[in-house]
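Descriptive analysis of the structure
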Amino acid sequence: MAEITYREALNQALSEEISRDPNVVLMGEEVGQFKGSYKVSEGLLEKFGPEKIVDTPISEAAFSGLAVGAAMMGMRPVVEFMFWSFCYVAFDQIFNNAASVRFMSGGLIHVPIVFRGPANGGTNVGATHSHTPENFAANTPGLKVICPSTPADAKGMMKAAIRDNDPVCVMENTILYNLKGEVPDDDDFVIPLGKARLACEGSDLSIIAHGRSVQVALQVAETLHDKHNISVEVLDLRSIRPLDLEAILQTVRKTNRVLLVEENKPFCGVDAQIAYLIQEHAFDHLDAPVKRVSAIDVPQAYSKVLENFQIPNHDRVLAKAMELL
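Per-chain numbering applies: the sequence of each chain, read as written, is numbered from 1 onward. Under the rules for a predicted model, residues below a pLDDT of 70 receive no local features and side-chain atom pairs below 80 are neither given nor counted, while totals for whole chains, interfaces and linings still include all residues. Side-chain descriptors were evaluated using all non-hydrogen atoms of the structure, hydrogens and water having been removed beforehand.

**Observations concerning the packing of aromatic side chains**
Any two rings among Phe, Tyr and Trp, with Trp reduced to its six-membered ring, count as a pair given centres within 6.5 Å; such a pair is stacked if its planes are under 30 degrees apart, edge-to-face if over 60, and tilted if neither. Applying the stated criterion across every chain, the model contains 9 aromatic pairs. Aromatic pair F81 and W84: ring centres 5.1 Å apart, planes at 70°, arrangement edge-to-face. Considered together, F81 and W84 belong to a single accessibility category, that of buried residues. Judged by centre distance (4.2 Å) and plane angle (20°), the ring pair of F91 and F95 falls under stacked. Buried means the residue's accessible area, taken with a 1.4 Å probe over protein chains only, is under 20% of the maximum for its type, while exposed means over 50%, and partly exposed covers the values in between.

**Observations regarding unusual backbone geometry**
Looking along the chain, the bond that leaves R241 and enters P242 is cis, with omega of 5°. For helices the rule is a DSSP run of H or I covering at least 4 residues; for strands it is a run of E covering at least 2, with both sets numbered from the N terminus onward. Structurally, the position occupied by P242 is in the loop between β12 (239-241) and α8 (245-255). The backbone of E30 shows a phi angle near 65°, a positive value even though the residue is not glycine. By the element assignment, E30 lies in the loop between β2 (24-28) and α2 (44-48). In this structure E30 comes out as partly exposed when scored by relative accessible area, which is 37%. Within the chain, C268 stands out as a residue other than glycine whose phi angle is a positive 60°. With respect to the helices, strands and loops of the structure, C268 is situated in the loop between β13 (258-261) and α9 (270-282).

Next comes the structure, spelled out in structure tokens:
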């Protein structure tokens, strides 16, 4: 075990998988000479060379399409988006083609590809660079969607994503890149997709979150424990699709009160689906209505003060938790 950052954990995962499998390549804008926009690929060009670490033109549609074709022919490309906001110009390649090929070929053609990069607000880069499109991706059959919240999950789930035979969308968070945590050194450390993680055990309230919202939920859990002697359970979804429904229902049955936290916009967000599943499968276990805290339903603000309020923060989540209790 070693304490490293989320960024270093991703770098380790990429390095180990490129070393393990000759079919794995990393491609995207500035992943090579510039070491990635957020330095996730630092040192990889020097280690593996330009045939494995491929700097592409500034055209997400072009290099995403190239990667899909390469995956269909047996390669395992990892595509970096500078921001997941830019996936929209490659919508056809990801959401139409990559997601559909295995189904339409009757299982004869796999598309083992990873699309990864930051998908979050909170960095004051404006509405066109701050999307959290995990709900778009999860709405598309054929795509898998994961949102690691710790360095260990970043490494273990990235390795699982690269080894998966289906397209996997890895939604990272720029604010988490410097987060430190214990990560196994093992080259075969893999976290299966579709398994939630109990980040904190409790008995009075369940907070279910994913991505950076897990860190916010843990801060709120600490506040409620220290100031109000309230025991909060925090469930980290980790994987949006496949979704660990049993883990969700288990925590609902345990605490009987649920608060859902996400950076998605509320309309058709991930938590809207989770709220439906809870009322469908565990309605009789609820002692209060399910509550949600999401990003405020307007395009992302550029202003730091406005954006810090717009996405779920400690005070907004705490206030909603107190309503439930």
